[in-house]
Amino acid sequence: MGVVNVTPDSFSDGGDWYGTDVAIAHGLELLAQGADIVDVGGESTRPGAQRVSEEEELRRVGPVITELVRSGAPVSIDTMRAGVAEFALNAGVHMVNDVSGGLADPQMPRLVAAARVPYVVVHWRGHSHDMYSRAVYADVVQEVRDELSRRVDAVVSEGVDPGCIVVDPGLGFGKRPEHNWPLLAGLADIARLAAGTFPVLVGASRKRFLGRLLAGPDGTPRPFSGSDGATVATTALAAEAGAWCVRVHQVRQNADAVRVVAAWQDAASSLGAQAGTRAAGRP
């Protein structure tokens, strides 16, 4: 999943694609680099961000979505607002990626249920301006899993088809750096909720916890774009752990990492099958 932030203030590339023409061109380039889905958003969710109006969000993403869909691109809308999602779905968007998991706008689950499209339910504890005040966990994997279970149950009760649900542990959303690593290590547990096992989307790309891991000798975090190598490593590990998809800013290198993992897994399966055959043939 390639990221197109049509915003002036997103955490890693704010302003780079802020404008209809550059955002469309960027989305098409991400597809050319191997993205399976282009995720278009018009509201920054960086720490401390203030919300924009629905009208402004639509002004930013509307023409971008329309043109990308017209070009044949598989598009996801990254929004917490049912009004924006409705516009996108009417324009032909294939997926709704809701970082609030339906909490920010109670109309969202019913809209998605009626559209019968894939719905990404992200673990979330509150809006960006104060989300770190809520980043308190005793057992982050278990608590995120339990809270995601409750959100999945809630949206299913509103009519969302469980087969359309993708879950996302919400790395960085109401999480401090020390919380993100256990969530990555526990992706298999995140997938197994009370209502069943669900595909998992991972959004680690360029996030602050990677920059802090790569901090210089003086403690200065690596710049966002300087953590693309760490993002690729995270993508490979997430793919190995069975993640359904990764959401990234730089597609080509991450797509390469997924191909390497797939080839490695295929070779391992072949070796296992050969070993089984040899063992079965022994007297």
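In case you missed it, the structure is sitting above this.
Below or above, wherever it landed, is the structure these notes cover.

Running from N to C, helix 2 (residues 54-70) and helix 3 (residues 82-91) cross one another at 15°; their axes reach a closest spacing of 10 Å. As judged from the angle between their axes, helix 2 and helix 3 are roughly parallel. Every pair of crossing elements has a handedness; the one defined by helix 2 and helix 3 is right-handed. Contacts from Glu54, Glu57, Leu58, Val61, Gly62, Ile65, Thr66 and Val69 in helix 2 reach Gly83, Val84, Phe87, Ala88 and Ala91 in helix 3. The residue makeup of the contact of helix 2 with helix 3, split by class, is eight nonpolar, three polar and two charged.

If you trace the six strands from one edge of the open sheet to the other, you get 1-2-3-4-5-6, paired in parallel fashion. With partners counted over all chains shown, the strands left at the sheet margins are strand 1 (2-5) and strand 6 (165-168), one partner each. Averaged over neighbouring strand pairs, the angle between their axes works out to 25° when direction is ignored. In this sheet, strand 4 (residues 95-98) lies alongside strand 3 (residues 75-78) in parallel orientation, the contact comprising three bridges. Within the sheet, the bridge partner assigned to Ser76 lies in strand 4 and is Met95. Here helix 2 sits on the sheet and contacts strand 2 (38-41) and strand 3; the angle it forms with strand 2, its principal contact strand, is near 155°.

Tallied over the entire structure, the rule returns 14 salt bridges. Between Arg110 and Glu158 there is a salt bridge; the shortest N-O distance is 2.8 Å. Residue Arg110 is found in helix 4 (residues 108-115), and its partner Glu158 is found in the loop between helix 5 (140-157) and strand 6; the two are separated by 48 residues along the sequence. For Arg110, a relative accessible area of 37% translates into the label partly exposed.

What follows is about the nonpolar core. Judged by nonpolar contacts, the single largest core of 61 residues is most densely connected at Val40, Val96, Val167 and Val202. The biggest single contributor to this core is helix 5, with six residues. The residues contacting Val40, other than those within four sequence positions of it, are Val4, Val6, Val61, Val64, Ile65, Leu68, Val75, Ser76, Ile77 and Asp78. In this structure, Met1, Met95, Val122 and Val166 belong to the second largest nonpolar core, which totals 13 residues.

Attention now moves to the packing of aromatic side chains. This structure, assessed with the given rule, holds one aromatic pair. With a centroid separation of 4.9 Å and 80° between ring planes, the pair formed by Trp181 and Phe209 is classed as edge-to-face. Taken together, the residues Trp181 in helix 6 (residues 177-185) and Phe209 in helix 8 (residues 208-213) connect sequence positions 28 residues apart. Since its relative accessible area comes to 36%, Trp181 is described here as partly exposed.

Positionally, Lys175 belongs in the loop between strand 6 and helix 6. No salt bridge is formed by the buried Lys175. Its closest oppositely charged neighbour is Glu147, at 7.2 Å. Within the structure, the side chain of Lys175 is placed 3.0 Å from the backbone oxygen of Pro169, a separation counted as a polar contact. Engagement of the side chain of Lys175 in a polar contact is seen with the backbone oxygen of Phe173, the distance being 2.8 Å.

About the cut-offs
Residues numbered from 1 in each chain as written. Predicted model: local features only at pLDDT ≥ 70, side-chain atom pairs only at ≥ 80, totals over all residues. Heavy atoms only, no water. Axes fitted to C-alpha atoms, helices over the stretch in contact; angles between N-to-C directions. Helix = DSSP H or I, 4+ residues; strand = E, 2+ residues; numbered from the N terminus. Parallel < 35°, antiparallel > 145°, perpendicular 65-115°, else oblique. Left-handed = near helix turned anticlockwise from the far one by under 90°. Contact = heavy atoms within 4.5 Å. Nonpolar A, V, L, I, M, F, W, Y, C, P; charged D, E, K, R; others polar. Pairing = 2+ DSSP bridges. Salt bridge = Lys/Arg side-chain N within 4 Å of Asp/Glu carboxyl O. Buried < 20%, exposed > 50% of the residue type's maximum accessible area, 1.4 Å probe, protein only. Core = buried A, V, L, I, M, F, W, Y, C linked by side-chain atoms within 4.5 Å. Phe/Tyr/Trp six-rings, centres within 6.5 Å; stacked < 30°, edge-to-face > 60°. Lys, Arg positive; Asp, Glu negative; His and termini not counted. Polar contact = N/O pair within 3.5 Å; in protein donor to acceptor, adjacent residues only side chain to side chain.

Read these as geometric descriptors, not functional statements.
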